[in-house]
Structure formats: C-alpha cells, structure tokens
Number of protein chains: 2
Amino acid sequence: MRAGPSQEEIRRQNLGALLRYVHVRGPTSRAALTAHLGLNRSTIGALTADLTAAGLVSEGLPQDQSGRAGRPSLVVRPEAEVYVFALVIEVDRLVAARIGLGGAVLDRREARRPRGVRDPADVVAPLADFVREMQRAASPSARYVGSGAAVSAMVRAEDGLVRLGPQFGWIDEPLGEALAKVLSDEVQGGDRAVPVRNNADLSALAEHVRGVAVDTDNIVYVTGDAGIGGGIIAGGRLVSGHGGYGGEVGHMVVNPNGKPCNCGSRGCWETEIGEYALLHAAGRDADSGTGRAAVETLVDAAGRGDAQAQAAIRQVGDWLGFGVANLVNIFNPEMVIFGGNLREVYIAAAAQVRSRLNRNGLPACREHVRLRTPALGDDAALLGAAELAFGPLLADPLEAAADNP
Amino acid sequence: MRAGPSQEEIRRQNLGALLRYVHVRGPTSRAALTAHLGLNRSTIGALTADLTAAGLVSEGLPQDQSGRAGRPSLVVRPEAEVYVFALVIEVDRLVAARIGLGGAVLDRREARRPRGVRDPADVVAPLADFVREMQRAASPSARYVGSGAAVSAMVRAEDGLVRLGPQFGWIDEPLGEALAKVLSDEVQGGDRAVPVRNNADLSALAEHVRGVAVDTDNIVYVTGDAGIGGGIIAGGRLVSGHGGYGGEVGHMVVNPNGKPCNCGSRGCWETEIGEYALLHAAGRDADSGTGRAAVETLVDAAGRGDAQAQAAIRQVGDWLGFGVANLVNIFNPEMVIFGGNLREVYIAAAAQVRSRLNRNGLPACREHVRLRTPALGDDAALLGAAELAFGPLLADPLEAAADNP
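Residues numbered from 1 in each chain as written. Chains lettered and ligands numbered in written order. Predicted model: local features only at pLDDT ≥ 70, side-chain atom pairs only at ≥ 80, totals over all residues. Heavy atoms only, no water.

Taking an unreviewed UniProt entry as the reference, chain A is identified by name as Sugar kinase belonging to Virgisporangium aliadipatigenens. In its Sequence similarities (unreviewed entry) section, UniProt records this for chain A: "Belongs to the ROK (NagC/XylR) family." (UniProt positions renumbered as here; feature names shortened; annotations may be inferred.)

Draft legend 1. Summary view of the overall build of chain A. Secondary structure summary: chain A contains 15 helices and 16 strands in total. Against the compact-globule benchmark of 22 Å for 405 residues, chain A has a radius of gyration of 23 Å, which places it among compact chains. Dimensions of chain A along its principal axes, counting C-alpha atoms only, are 65 × 50 × 50 Å. Relative to its full complement of 405 residues, chain A shows a buried share of 57%. Each charge sign in chain A was given a centre, from 41 positive and 47 negative side chains, and these centres are 5 Å apart. (Helix = DSSP H or I, 4+ residues; strand = E, 2+ residues; numbered from the N terminus. Rg over C-alpha atoms; globule rule 2.2 N^0.38 Å. Buried < 20%, exposed > 50% of the residue type's maximum accessible area, 1.4 Å probe, protein only. Lys, Arg positive; Asp, Glu negative; His and termini not counted. Charge placed at Lys NZ, Arg CZ, Asp CG, Glu CD.)

Draft legend 2. The arrangement of the interface of chain B and chain A in detail. At the interface, 61 residues of chain B touch 61 residues of chain A. Put simply, chain B and chain A have two salt bridges between them. One salt bridge in this structure joins Arg163 of chain A and Glu367 of chain B, with 2.5 Å as the shortest N-O distance. Of all elements in the fold, only α1 (7–25), β9 (161–165), α10 (307–331), α12 (350–360) and α13 (363–366) of chain B reach the threshold of two or more residues within the side of chain B that touches chain A. A per-element tally of the side of chain B that touches chain A places α1 of chain B first, with nine residues. Class assignment of the residues belonging to the side of chain B that touches chain A gives a composition of 29 nonpolar, 23 polar and nine charged. (Contact = heavy atoms within 4.5 Å. Salt bridge = Lys/Arg side-chain N within 4 Å of Asp/Glu carboxyl O. Nonpolar A, V, L, I, M, F, W, Y, C, P; charged D, E, K, R; others polar.)

Draft legend 3. The packing of aromatic side chains, seen in detail. Per the counting criterion, the structure on display carries 13 aromatic pairs over all chains. Taking the centre distance of 5.9 Å and the plane angle of 55° together, the rings of Tyr83 of chain A and Tyr144 of chain A count as tilted. Note that Tyr83 of chain A is positioned in strand β4 (residues 82–89) and Tyr144 of chain A in strand β7 (residues 143–151), a separation of 61 residues in sequence. Accessibility classification places Tyr83 of chain A together with Tyr144 of chain A in one group, the buried group. Both rings, one in Phe331 of chain A and one in Phe331 of chain B, keep their centres 5.0 Å apart while their planes meet at 45°; by these two values the pair is tilted. One end of the pair, Phe331 of chain A, is in helix α10 (residues 307–331); the other, Phe331 of chain B, is in helix α10, on a second chain. We note that Phe331 of chain A, like Phe331 of chain B, is buried. (Phe/Tyr/Trp six-rings, centres within 6.5 Å; stacked < 30°, edge-to-face > 60°.)

Draft legend 4. Seen up close, the domain arrangement of chain A. In terms of domain boundaries, chain A breaks down into domain 1 (7–63 + 71–78), domain 2 (82–199 + 381–403) and domain 3 (212–374). Taken over C-alpha atoms, the centre of domain 1 of chain A sits 41 Å from the centre of domain 3 of chain A. (Domains from an automatic or database assignment.)

Draft legend 5. Looking closely at the sheet that holds strand β9 (residues 161–165) of chain A. Residue and element names in this part refer to chain A. If you walk across this open sheet you meet the three strands as β8-β9-β10, and the pairing is antiparallel. The open sheet has two free edges, formed respectively by β8 (154–155) and β10 (170–174), since each of these has just one partner strand. Sheet topology note: the β8/β9 ladder contains two bridges and is antiparallel. Among the inter-strand pairings, Val155 is bridged to a residue of β9, identified as Val162. Sheet strands in contact with helix α5 (residues 175–186) are β9 and β10, and its direction is about 40° off that of β10. (Pairing = 2+ DSSP bridges. Axes fitted to C-alpha atoms, helices over the stretch in contact; angles between N-to-C directions.)

Draft legend 6. Structural context of the relation of the copies chain B and chain A. Each copy superposes on the other: chain B lies on chain A with an RMSD of 0.0 Å after a rotation of 180° and an axial shift of 0.0 Å. Both copies are brought into coincidence by an operation consistent with a two-fold rotation axis. Scanning chain B for the C-alpha nearest the rotation axis identifies Val254 of chain B, at a separation of 3.0 Å. Looking at chain B, 100% of its interface residues are interface residues in chain A too, so the copies touch through the same face. (Least-squares fit on C-alpha atoms with pLDDT ≥ 70 in both.)

Draft legend 7. Representation of the packing of helix α9 (residues 291–303) of chain B against helix α11 (residues 341–348) of chain B within the structure. Residues and elements named next belong to chain B. In the contact formed by α9 and α11, the axes pass within 9 Å of each other and the chain directions differ by 10°. Considering the angle they form, α9 stands roughly parallel to α11. Two secondary-structure elements touch here, α9 through Arg292, Val295, Glu296 and Val299 and α11 through Asn341, Glu344 and Ala348. Residue classes in the contact of α9 with α11 are distributed as three nonpolar, one polar and three charged. (Parallel < 35°, antiparallel > 145°, perpendicular 65-115°, else oblique.)

Draft legend 8. Structural detail: the packing of α1 of chain B against helix α14 (residues 380–395) of chain B. Residue and element names in this part refer to chain B. Packing of α1 against α14 leaves a shortest axis separation of 8 Å and a crossing angle of 140°. By the angle between their directions, the pair α1 and α14 is classed as oblique. Mapping the contact onto sequence places Arg12, Gly16, Leu19, Arg20 and His23 in α1 and Glu387, Phe390, Leu393, Leu394 and Ala395 in α14. Along the lines of polarity and charge, the residues of the contact of α1 with α14 split into five nonpolar, two polar and three charged.

Draft legend 9. Seen up close, the nonpolar core. Counting 102 residues, the largest nonpolar core has Trp269, Leu320 and Phe338 of chain A together with Trp269, Leu320 and Phe338 of chain B as the members making the most contacts within it. Filtering out sequence-adjacent residues up to four positions away, Phe338 of chain A remains in contact with Val222, Leu320, Val324, Arg343, Tyr346, Val353, Leu371, Arg372, Thr373 and Pro374 of chain A. Counting residues in each nonpolar core, the second largest holds 51 residues, with Val82, Ala97, Ala381 and Ala386 of chain A among its members. (Core = buried A, V, L, I, M, F, W, Y, C linked by side-chain atoms within 4.5 Å.)

Draft legend 10. The arrangement of the pairing of β9 of chain A in detail. Residues and elements named next belong to chain A. Of all five residues in β9, four are buried, a share of seventy percent or more. The turn linking β8 back onto β9 is made up of five residues, and Gly160 within it adopts a positive phi angle of 75°. Of the pairings in the sheet, the one linking β9 to β10 comprises four bridges and is antiparallel in character. What sits directly across from Leu161, in β10, is Pro174. The hairpin formed by β9 and β10 contains four residues between the paired strands, and Gly169 there has a positive phi angle of roughly 70°.

Draft legend 11. Geometry of the pattern of salt bridges. Per the counting criterion, the structure on display carries 46 salt bridges over all chains. In this structure, Arg115 of chain A and Asp92 of chain A form a salt bridge, with 2.7 Å as the shortest nitrogen-oxygen distance. With Arg115 of chain A in the loop between β6 (105–112) and α4 (121–137) and Asp92 of chain A in the loop between β4 and β5 (93–100), this pair connects stretches of sequence that are 23 residues apart. The closest approach of N and O atoms between Arg284 of chain B and Asp306 of chain B, which form a salt bridge, is 3.3 Å. You can see Arg284 of chain B sitting in the loop between α8 (275–281) and α9 and its partner Asp306 of chain B sitting in the loop between α9 and α10, a full 22 residues away along the chain. The class of Arg284 of chain B is partly exposed, set by a relative accessible area of 23%. A relative accessible area of 24% means that Asp306 of chain B is categorised as partly exposed. One network of salt bridges, in which partners are shared, links Glu90, Arg93, Arg108, Glu110 and Asp379 of chain A.

Draft legend 12. Structural detail: the sheet that holds strand β14 (residues 237–238) of chain B. Residues and elements named next belong to chain B. Taken in spatial order, the five strands make up an open sheet running β14-β13-β12-β15-β16, and their pairing is mixed. Two strands in the sheet have a free side with no partner beyond their single neighbour: β14 and β16 (370–372). Where strand β13 (residues 228–234) and β14 come together, two bridges link them in antiparallel fashion. Across the sheet, Ala234 pairs through a bridge with Arg237, a residue of β14. Against the sheet, α10 engages β12 (219–224), β13 and β15 (335–340), with an angle of about 140° to β15.

What follows is the structure, encoded as structure tokens:
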C-alpha cells in the first residue's frame, strides 16, 4: 500500500536507474539509455549532467566510431575511480579486492587460510593488511564509497554478527563490527558499518547481476567447501528470510538415518554432499589433504579409472541430485548453479544429478530448469560483496556521493 | 534498473494505494489516509474524488462520533457493491462466493465433492450453478469486476492449466479456460481470463493480507487434505517460481526409504504427514472414512486415550516437525501456519512438532519463528482467490473500473 513517490524520489530513482544501468551493462550511449530506461532525451541529459557533476559517470565519444555515419550519440561511462572494498572470508582463503564502479577488479589480494584456527583476529588482521596495501596503491584521485563482505557462515543481516560459523569455530562473533573498525582505521571516510552477508547469498546475487543467471529471476545457487551453502533468488529478489539466514539448504535433512552433522542435527544434506563426505566415501583419510585440491585430485583419479573414486562421486552425485530435486520442487527455479567444490562434483556426476532430479522432481517444476556452473567462478562471492557495497550509492547516487567527497 | 514512474503512473499508483488501503483496513478517515499513505490532504482529496466518481469508494461521516470534538474527518469506505467471484476447488468440497471490495463475503455456496470422480465437468458444472444463483440474487446495481480461483493442484500461472492434480486425476487439464467460459456465460462482462492459483499459495496470501500473518513478511503456510500443499511468502511476496509451481513442499523427500508417493517419487513429505499416512498409522482402513471428519474423529479418539491414535499422531507430528525444520532452515520465516487437516494434527501434536523443530532447526533460523493456526480457517483459499480477482482493480483502479461499467 505504498503511495506513489514524490518528485524528489522520482529523480533519485531515475539517477539510480541510470547509474545502475552503466554499472551493470557498461558504457552506454545516451540513445540506448533513452530506449532502455523509457525516459526522454532531455531527462537522460539532465540525469547524466547531475551524475557527471557528482563524479560518478563521464561522457565521451564512443571508442569505436568506424562505419558510423553522422554525429554519434555520446557514451556514458561509469567512473571507475569510484571504488569499494570487497572482502571474502572462506574456510580455506581470504580475499580482498578494490573494485570500481562498473565492476572492474582494480586490485586484489588473496591468502590461503589454515583450517582449525578459531581466532577472528587471524581473519581480520590479514584483511586489514590487504586493505591498507591496496588503499596506498590507489590513485590519490580515487574515491572510496563503501565496503561489503561475504563469509561462509550464518550472519545476521542487521549488524554482521556471525551467529554460527562452524568452519571457523565461531558462535555470535561480531564480524561486522570488527570489519567496520578495519575500514575505519585504514581508509579515510571508512567510519561506517560494513554490511556482511552469507557468501552463497552474495554469489547468487553476483551470478544474477553479471554472471550466468542474468535475466533469470528464479535461481538456486548451491556451493560447497567444507560446508554447503545456498543462495536463493525468487522473483528477482534474494530470499534473505527474517534475520538474513535464508537459504541454509546445507542443513535440510535428507537422510534421517544419516550421519551426525556439526550443526547438532543428523543427516543434513551437508553430511552427504560436503567435501568430507566425498573424501570419506572415496576412502581418503585426513592425511590425504582437504579442500579444493583434494577434491580435484579425487575427480582426476575417477577420470583415470579409480573405481573407489568413481563410486564416491556417483554416491555424492546421487545425493546432490536428491537435494536439488527437493529445492526444485520447493522453488520451481529456472536455473540451479553449482559453485565451489560442487562445481567439480556436478561436472563429474552430471548424469547422476540429472537422473535423480528426473526421478524425484515434479515434471512441472523441473521441466524448464537448467543446471549450470558459475560464470564468475570463485569470484562470485567477491563480486557479490562489491554489489552489496555499491548498494547505497546505486539507491541514492547524489546523497551517497556527497557523503564520500 | 527500472526508471522512475511518469506523472500518470504515480497517479495510478496513488489511486491503487488508497483503494487497497481501505479494501484491506476498512473505512478510514481522510486524516488517517493522509498519515498512512504519506500524501498531503489535497492529494488525498483529489484521489478520493476520482475513486468516488468511479464508484469504487464512498465518503461519509464516521459511524461513531461520540466523544469527538470539532468537525470530524470524512471517512472513506470501499464500495461493497463492487464485487468478485471467488472459487475454490478442493478434494472434498467446492466453494463459490461473491465477495465485495473490502473483503466481505456477500453470498456463498458450498458443496461436498465425492473423491474419485475425475471428470472436470463434475467440478465446473456445480460452480457454474453457484455463480448463476449468486449473480441472480445480487442487486442490479452491484458491479462485477473479475474472478479468481484456487485449486489444490499444480497450476500454471500463465493460463490456469492444471499440470498435475492427483486428487482429481487431472493431468494438463485446462481449468482456467473452463472457468473463464463459466464466468463468460453466467456473468455479464465476464468475458475474460479467470486467474487460477494453487490453494495453499492463495491461503498464504490471504493470511498475509488479512489473517494471522498481517505485517509478517516471511511465512511458510502448509496445508493438508488428501495431499499436502505449501504457500511461501518471502520478503512480503509470494514465492511463485518460474511457472507458478513454487511451494510444492509436499513433494520434498524426507524419507528416502519411505513409501511410494503418487507423484512417482518415494518418501515425499506427503507420504508421512498426509491424511492417508495418519489414518493408516492409526490402523484406520478406508472403510472408516476419509477427509476432515475422519481426522477429527481420530484426534478425538486420541484425546479419549486411544493408544493407537495417540501413537499415530505422535508419529505424524514428528514428521510434521521434521519437514517444518527443513523449511525453517531454508526460509528463515517468522511464522509457520498449519492449515486444513494439519491444523488438527498440529494442535494435537504441538509438542512433537516443536521438539523436532528444536532438534533439526538451526537456532538462528528458528529462534523467532512462531507456529500458528490460520485466522481465516478454511476460508483462507477463498479469500485469497478474491484477492487474486481484485488484483487488476487495485493495480489500476480507474482503468479496471472503466472496463467494468
């Protein structure tokens, strides 16, 4: 029952729509913006002038003018000097990047993270170093407008409190607060909250905005490392749930008589398709290594004819398809995307996955579903964290730009 | 990347917001509308004048003026002469109602429906009779503005094709088309499509708009008769999925070694918590009856100490909680609502449900969840079908009113 917007709100909405368009689609001619946004030429001109004055876009001749007759339409470009920091905290790695308006990764740092270390400082300190280095390397004219973080844990949207992060040994860890302090210390103008979300949620968002699922409004994204995460987009919007914990598909119980899960339940999907389940089924003990490399080694072994590895992949692939069928029945998505380790598992076991989906999925729910691997690879969460960080700027460009002179 | 609306779109949006407000909240003073819609007095006055001229609202003095000093603010009332037909097709009953703007049930017809009858005509013909009777009984000044239907089946949103209705023996049955013909034959101005949706989806919608879940944006509604249906609201919007089949939680597999389901899969939630599972677990064979009455008799027997009935309810209650825990982990809802037969089961087995939810649900996902029974009882789907029917009028009041003079 929201009333229509005021003139000022409409202007803000139009500025945001134009800026978001060039941020997502790249440099665009005024003529194309007029057509795509459904606004007239003079409005586009006025909006572009405002955004240019705020230093958020620039205008110029198209780079390729060959073969065009007449005066070319000016091209509006997102100003890549306007940047955010995107941070990713996963069980095996930490990533930080400086990402420009338009989505280009301008600078990037990554470190392996040893499993079994529980101290949040061991996560936060390296990220602080990365941010400091990248900030120093940035051009003096570059403008910081915010940060966003992805973590493979259950995180409260409101304040970035990690409610449960079994892979880090965290319960009720104030990660959002700690990251806000880092940004405040390292970056001028960084004295503000840093939004933090689940990494699978942000991966789904990134694949939707600029990956394999562009123009696809109903998506299930599942990803695996030591645990299993999920990000759901329904009707074009992320299913966040009441507190931000939506999409915890790894703790959907699929096998009531299954193994204990570290969430306290039993037979969760994670216990059947997680990395440990796969390595265990193949008879690999902890000494054979863990993480992506161990999964890739196993998949390679299966490809070379290792029967135990093949059986393990078939078994996990069957459970992967089993859970996907449940999610397809619940969400009727157009696409399911397999990220992280599940990408390797899916590629190696696509036949099992599809066969199980066909057996357990309702025909109407599954008939249009495409099974895909990520277009953004392991950078999906990073790019999603950048989208999160750019959110306030795209919602209200002039206000946010004024806050970050 | 939608641009801001034009002046004409804003006017339409404001007219819709005002009309929806009084439709949902009832008669409201101009002063309160000004406050709730965030528009100024003169805009509210102009919008009210337009809606009055279109015959959609009327203005008058408040009914209760006692104890008020000064000149009272005029009250805007939805015009209940403006009506829709709402139709419900369930395994054991057919319902049709004439429902006025504002949500009042002006007239209502209901018939029991025998199970095992497959001919769509046996559903459509009685509904046509109901519509004819109610239309004849309506005041000549009453204005029909549309219809909507709820069916306990998987239905394609686009055209009301029932893709799968096991309870009716239907596959790819063009129900929407058949109902459109009924309305076209019986009601002047009825020559148009009749939107059809799943009954659980519409029940969830109705409970959200005017039931137990008002102001609650993340809801899981589960309902049972012969089958199990689900309706999900995430972030205030129905999770419809790509084709309209979202929310088929009854075919989430919870027991991989369970019983065959009539969807072709095995161990679906429906096979563990559906009416047949409950009656079977209690040793009731088909001769003891089916449907709501049989479930109520069973619950009564358990209340009187029948050990077999008690054990059956405990068993089904445990599986009910099991599936609810999965859905709570996936959706992080604020409320789970138990409709149809599941209302009785939930009330009788609340301890099992809660205990299983506590065991399998992630604390962050379940900590704020309330378990509830419907406020609208068995009329939820009917009222949801009316909301569906009023949709075009509320989206664009003057245009829709002009189409229905």
